[in-house]
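Summary of the model geometry
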Amino acid sequence: MSYGLAAASRLAGKVILITGASSGIGEATAFEYANAAKGEIKLALSARRFEKLEDLKEKLISQWPNIKVHIASLDVSNVAKLTEYVESLPEEFKAVDVLVNNAGKALGVDKVGQILQEDIDGMFQTNVIGLISLTQLILPGMKARNRGDIIQLGSIAGRDPYPGGGIYCATKAAVRSFSHSLRKELIDTKIRVIEIDPGAVQTEFSVVRYKGSKESASKVYEGAEPLNALDIAELIVFASTRRENTVVAETLVFPTNQASASHVYRKKD
Ligand SMILES: NC(=O)c1ccc[n+]([C@@H]2O[C@H](COP(=O)([O-])OP(=O)(O)OC[C@H]3O[C@@H](n4cnc5c(N)ncnc54)[C@H](OP(=O)(O)O)[C@@H]3O)[C@@H](O)[C@H]2O)c1
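So, here's what we can say about the structure. (Residues numbered from 1 in each chain as written. Predicted model: local features only at pLDDT ≥ 70, side-chain atom pairs only at ≥ 80, totals over all residues. Heavy atoms only, no water.)

1. What to know about the packing of helix 2 (residues 24–36) against helix 3 (residues 50–63)
As a packed pair, helix 2 and helix 3 sit with axes 11 Å apart at the nearest point and diverge in direction by 15 degrees. Taken together, helix 2 and helix 3 sit at an angle that is classed as roughly parallel. Crossing geometry of helix 2 relative to helix 3 is assigned as right-handed. Taking contact as the criterion, the partners of Glu 27, Ala 30, Phe 31 and Ala 34 in helix 2 are, on helix 3, Leu 56, Lys 59, Leu 60 and Gln 63. Across the contact of helix 2 with helix 3, the residue classes tally to five nonpolar, one polar and two charged. (Axes fitted to C-alpha atoms, helices over the stretch in contact; angles between N-to-C directions. Helix = DSSP H or I, 4+ residues; strand = E, 2+ residues; numbered from the N terminus. Parallel < 35°, antiparallel > 145°, perpendicular 65-115°, else oblique. Left-handed = near helix turned anticlockwise from the far one by under 90°. Contact = heavy atoms within 4.5 Å. Nonpolar A, V, L, I, M, F, W, Y, C, P; charged D, E, K, R; others polar.)

Below, the structure written as structure tokens:
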């Protein structure tokens, strides 16, 4: 996407903290912020796979030599590590302007009664506890500065629960509920809470859900035209470059041939 001068000047020098930046939506969002700000931005990027972040950092710097990029290996499901991470951010990355709570996952499609405890824990710890805990750590600084954007990756799953998604849907409903409460709590501040609820986006998401089976993952999108990570990254950057009197409180975004979690048009051949 090509962004105007307003977007670039609204982002200039800002600190953007993105979790789950090693692939998919998080990675695309890092590129999209860099692009919108023409490199005049500071990106704090984390995920568990550090080598992927090293590649990403190299690509960002080769394209935008002025950009500042901090990378860290971080598992958001480990709450104690979140505190360490936030405390260890270099001085110039400490005042976070935009928090993109993106790290998240679905694990399996098992029905209730057969869901592995480790999958339940993995989804809740990452999608809910990690997101809430990091928000709690970043929010006091935003409150002190009376500005900042908190961008939550929700999902259609949080609005339209489906069989085989009992836990994942519940985690995204929790994100939605938490975000609504937070927006209300922050009513007298300039802090914006922005929830982005995508439908089907082709990333590593389904490979993770099917525990590494690329075959099962590709069946999810067979005959359909899913969104790609950039489609969502553009929305995230759009939302956080509106004038400060405007909050894109929530967006539900589908590929054109999707109308609910289960209504997806598929070509037959
Ligand atoms: N794709 C979709 O259809 C879709 C639809 C609606 C909502 N979403 C949401 O969008 C977000 C991004 O998903 P995606 O589609 O971009 O999937 P993805 O390609 O699998 O990316 C997920 C990212 O989260 C990171 N992550 C996973 N567990 C983590 C943990 N415990 N700690 C830190 N980072 C962790 C992964 O990095 P590491 O493995 O390196 O840690 C990866 O960078 C998720 O919250 C997902 O629920 C996706």
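Don't stop here, the text continues.
2. Observations regarding the pairing of strand 5 (residues 148–153)
Strand 5 sits mainly inside the fold: six of its six residues count as buried. Going residue by residue along strand 5, you find Gly 148, Ile 150 and Gln 152 tucked away on one face and Asp 149, Ile 151 and Leu 153 tucked away on the opposite face as well. In this sheet, strand 5 lies alongside strand 4 (residues 98–101) in parallel orientation, the contact comprising four bridges. Paired with Leu 99 across the bridge in strand 5 is Ile 150. (Buried < 20%, exposed > 50% of the residue type's maximum accessible area, 1.4 Å probe, protein only. Pairing = 2+ DSSP bridges.)

3. Quick word on the site of the ligand
Taken together, 29 residues lie near the ligand, and Ser 22, Ser 23, Arg 48, Tyr 168 and Thr 203 sit nearest. A distance of 2.9 Å separates a nitrogen atom of the ligand from a polar atom in the backbone of Val 76. For the ligand, whose free accessible area comes to 880 Å², the fraction covered by protein is 96%. Only helix 2 and helix 6 (166–185) provide two or more residues apiece to the shell around the ligand. Its residues assigned to classes, the shell around the ligand shows twelve nonpolar, eleven polar and six charged. (Near = heavy atom within 4 Å. Polar contact = N/O pair within 3.5 Å; in protein donor to acceptor, adjacent residues only side chain to side chain. Areas by Shrake-Rupley, 256 points an atom, 1.4 Å probe, with all protein chains shown as cover.)

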